[in-house]
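Examining the three-dimensional arrangement
As a plain string of letters, each chain reads:
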Amino acid sequence: NDSHNQIQSTMNYLNPFGLIKFDLLSLNNLTLINDIALEIRRSIQKSIKFELIPLDDEVTFRILREGKTKGIFQLESYGMRKTIMDIKISSFKDFYAAIALYRPGPMKFIPHYIDRKLKKEPIEKIAPVYDEVTKDTYGIVVFQEQIMKIAQEYSGMTYGRADLLRRAITADKLVIVNEMRKEFFQGALERERNAQEIEKVFSILFESAQYGFNKSHAIAYANIGYQLAFLKARFPKEFYATLITKNISSPEDVKEYIKEVKEREIKISSPNVLYSFNKATVVKDTIVLPFQMIKGITERDGLAIIQERKQGGQFHDFFDFVSRMMVLHKFDSDKIEALIKSNSLMSFGNMASLIETLPVAMRYSKMVATHDGDNVSIIKSTIPKPLVSKANRNILNEVRNEKNTLGMQFNAFLTEGVETKDKLDGIKDNQIADVVFCVESIRKMQTKNGELFLIADISDSTKSVGLFIFGNLAEELSSTPIGSVVKGKVKKRINDSKEVHTLVQEWKMVKYE
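Fair warning: this is a prediction, and the values are worked out from it, not measured in the lab.

**A closer look at the overall build of the chain**
Secondary structure summary: the chain contains 19 helices and eleven strands in total. Here the chain has a C-alpha radius of gyration of 31 Å; the compact-globule value for 513 residues is 24 Å, and the former is much larger. With the C-alpha coordinates of the chain rotated into their principal frame, the extents come out at 105 × 80 × 40 Å. Across the 513 residues in the chain, those meeting the buried criterion constitute 45%. Of the contacts made within the chain by residues no fewer than 6 positions apart, 59% connect residues no fewer than 24 positions apart. If you sum the accessible surface of the chain, you get close to 27,900 Å²; carbon and sulfur atoms cover 50% of it. With 74 positive and 66 negative side-chain charges, the chain shows a separation of 2 Å between the mean positions of the two kinds.

Written as structure tokens, this is what we have:
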């Protein structure tokens, strides 16, 4: 009705119409970076100016060389992690070159990039112009901009014509390519280039144009990844806290992040009603996990605890918590029990004692509640407050309950009380140690020769690791009951920054009381 015409077309027709196509990307990692910066400001009152962070930070490159790439944009896959470690990344240029190379096509050049950087392979000399343009990438054409620069400086093409050549090769428009090949050769010959050399340079450009990555795109991606790596290296507590919060609905990811936190010897606390929130936060030097980690506790439940703590003050004891949450926020026994079994109330007593005391606390709550129509409140009662039972800790139940409610253990370990001075986190490279550990799982595997070997997931109070078991030991130990506490000789070796643990002698069951 307003006399306007509207049309649509596929992207292939935009250029002939003189139109430009824009790809607009929305990346969650930008929000992650911002949230980490906010957590840093909250916890240590420091503002990060990302335009001022150094692009040559050795601490950042060190954690990348160690393969600690979880949570870092573009670097989380096994292949990319291995590439970064093998390259022995030492500059921002390595970062964006790796992003450009780790794709189908140019991936075959990764070993050459690595060996040339580490001076294990000589850099082939092609032509002075070519060698200068590819100097930073060790004689390998990685970026589209390099293709255009070589075509421009080697044969005298304009930058626009060089880009047209690149796009024609990429789009497999052979008629245009053949025409422009003549132009390339003619221009190079006029500059007195050798015909054999011209052929070699053009063939490299032809192959490179089929996979060449846009350098500005690679740098933009690398910049996001580098910022996350910098934050992980320099502000690890705030980094992990934010990462855990962002992935709270993915328990397996959260377990991997928490495992890495422990490996880096950063303090981490399971949820606690005295200081947890609905997101992981840094309190002093400790990452405190959120209420939402607890099975059976909703976001709304967590908000209720936070609100009550803010309005009514800190919880003084178990009875104070139970009465305030049951009377004022209608918590039922299931929610209180979930908090007990996740050890979120451990500040008020051990798990067995609190479970035993819960019925008493519920009766006390009813006694101190007062109703005025629809309004309910807690009276300042003269009724003597009961005492929490003095039950002995049941480590086995605590382990089971923490695993059921949190997905993993934080405060209870089956090896408690029977561990020796040697623990999993203290074994040095090539050391054999007598260690007491819990067998959490056993997987049966086969070597290339068809021989049985085992990979057992084991843990003590300090660490969880994978343990390789070979030969006769594998046959003898494959039926060990899961959950057994055993003592065995474990050898640790470090290969390319990876820890490998191997059992060197049959483990023995440990009597656990």
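Resuming the write-up.
**Examining the pattern of salt bridges**
Taken as a whole and assessed by the stated rule, the structure comprises 33 salt bridges. Among the salt bridges present, the one from R324 reaches D320, with a minimum N-O distance of 2.9 Å. Highlighted residues: R324 and D320, both in helix α15 (residues 318–329), separated by four residues, approximately one helical turn. Neither R324 nor D320 differs from the other in exposure class; each is buried. Bridged by salt links that share partners, the residues D163, R166 and R167 form one connected network.

**So, the sheet that holds strand β2 (residues 281–283)**
Taken in spatial order, the three strands make up an open sheet running β1-β3-β2, and their pairing is mixed. Edge positions in the sheet fall to β1 (267–269) and β2, since each of these pairs with one other strand and no more. Geometrically, the sheet is characterised by an average inter-axis angle of 35° between neighbouring strands, direction not taken into account. Note that β1 and strand β3 (residues 286–288) share three bridges and pair parallel. The partner of I268 across the bridge, within β3, is I287.

**What to know about the pairing of strand β4 (residues 369–372)**
Relative to strand β5 (residues 375–378), β4 runs antiparallel, the two being bridged by four bridges. Bridge pairing in β5 links D372 to N375. Counted along the chain from β4 to the antiparallel partner β5, the turn is two residues long, and its residue G373 has a positive phi close to 65°.

**Some details on the nonpolar core**
Buried together is how nonpolar side chains tend to be arranged in soluble globular proteins. Residues L64 and F321 are the most contacted members of the largest nonpolar core, which totals 96 residues. It is helix α11 (residues 215–234) that contributes the most residues to this core, ten residues altogether. In contact with F321, other than residues within four places in its own chain, are V273, I305, F315, I336, L339, L345 and F348. Core analysis: the next-biggest nonpolar cluster, separate from the first, contains 27 residues, V129, A151, F202 and I204 among them.

**Observations concerning the side chain of N278**
By the element assignment, N278 lies in the loop between β1 and β2. In terms of polar contacts, N278 uses its side chain to reach the backbone carbonyl oxygen of E299, at 2.8 Å. Setting aside its immediate chain neighbours within four residues, N278 contacts P290, F291, Q292, E299, G302, L303 and I306.

**Some details on the environment of V201**
The topology assignment puts V201 in helix α10 (residues 195–209). The sequence separation of V201 and P111 amounts to 90 residues, and the corresponding C-alpha distance is 21 Å. Residues contacting V201, with those up to four places away along its chain left out, are I126, A127, I150, Y154 and F184.

**Observations concerning helix α18 (residues 395–406)**
Taking 1.5 Å per residue, twelve residues should reach 16 Å; α18 reaches 16 Å between its end C-alpha atoms and fits that length. Every buried residue belonging to α18 is among I395, E398, V399, N401, E402, T405 and L406, and all of these are buried. Looking at the buried residues of α18, the elements they touch are α16 (333–341) and α17 (351–368). Its side-chain oxygen at 3.3 Å from the backbone nitrogen of L396, N394 defines the N-terminal cap of α18. The first or second residue beyond α18 is G407, which carries a positive phi of 90°.

**Some thoughts on the packing of helix α9 (residues 174–190) against α10**
Two elements in contact, α9 and α10, have axes whose closest approach is 10 Å; the angle formed by their N-to-C orientations is 140°. Here α9 lies oblique to α10, going by the angle between them. Where α9 crosses over α10, the handedness of that crossing is right-handed. Only A195, I198, E199, V201, F202, L205 and F206 of α10 make contact with α9, whose side of the interface consists of V177, R181, F184, F185, A188 and L189.

Rules used throughout
- Each chain has its residues counted from 1, running along the sequence as written.
- Restriction of local features to residues with pLDDT of at least 70 applies here, the model being predicted, together with a cutoff of 80 or more for giving and counting side-chain atom pairs; totals for whole chains, interfaces and linings are based on all residues.
- Calculated side-chain values reflect all of the structure's heavy atoms, with hydrogen atoms and water omitted.
- Here a helix means four or more residues in a row that DSSP labels H or I, a strand means two or more in a row labelled E, and each is numbered from the N terminus.
- Put simply, the radius of gyration uses C-alpha atoms, and a globule should come to 2.2 Å times the residue count raised to 0.38.
- Only protein chains enter the accessibility calculation, which uses a 1.4 Å probe. A residue is then buried if its area is under 20% of the maximum for its type, exposed if over 50%, and partly exposed in between.
- Pairs of residues are marked as contacts when any of their non-hydrogen atoms sit within 4.5 Å.
- A 1.4 Å probe and the Shrake-Rupley method give the accessible areas. Residues count as covered only by the protein chains that appear here.
- Only four residue types enter the tally: Lys and Arg on the positive side, Asp and Glu on the negative side; His and the chain ends are excluded.
- All charge positions are set by atom: Lys at NZ, Arg at CZ, Asp at CG, Glu at CD.
- For salt bridges, the criterion is a side-chain nitrogen of Lys or Arg within 4 Å of an Asp or Glu carboxyl oxygen.
- Strands are treated as partners if at least two bridges between them are detected by DSSP.
- All axes here are fitted lines through C-alpha atoms, helices being fitted over the stretch that makes contact, and every angle between N-to-C directions spans 0 to 180 degrees.
- To define a nonpolar core, start from buried Ala, Val, Leu, Ile, Met, Phe, Trp, Tyr and Cys residues and group those joined through side-chain atoms within 4.5 Å.
- Polar contacts here mean pairs of N or O atoms no more than 3.5 Å apart (in protein, one a potential hydrogen donor and the other a potential acceptor; neighbouring residues in sequence count only if both atoms are side-chain atoms).
- Expected helix span is computed as 1.5 Å times (number of residues minus one).
- An angle below 35 degrees is read as roughly parallel, one above 145 as roughly antiparallel, one from 65 to 115 as roughly perpendicular, and any other as oblique.
- Each crossing gets its hand from how the near helix is turned against the far one by less than a right angle, where anticlockwise is left-handed and clockwise is right-handed.

Scope: geometric values only; no functional claims are made or implied.
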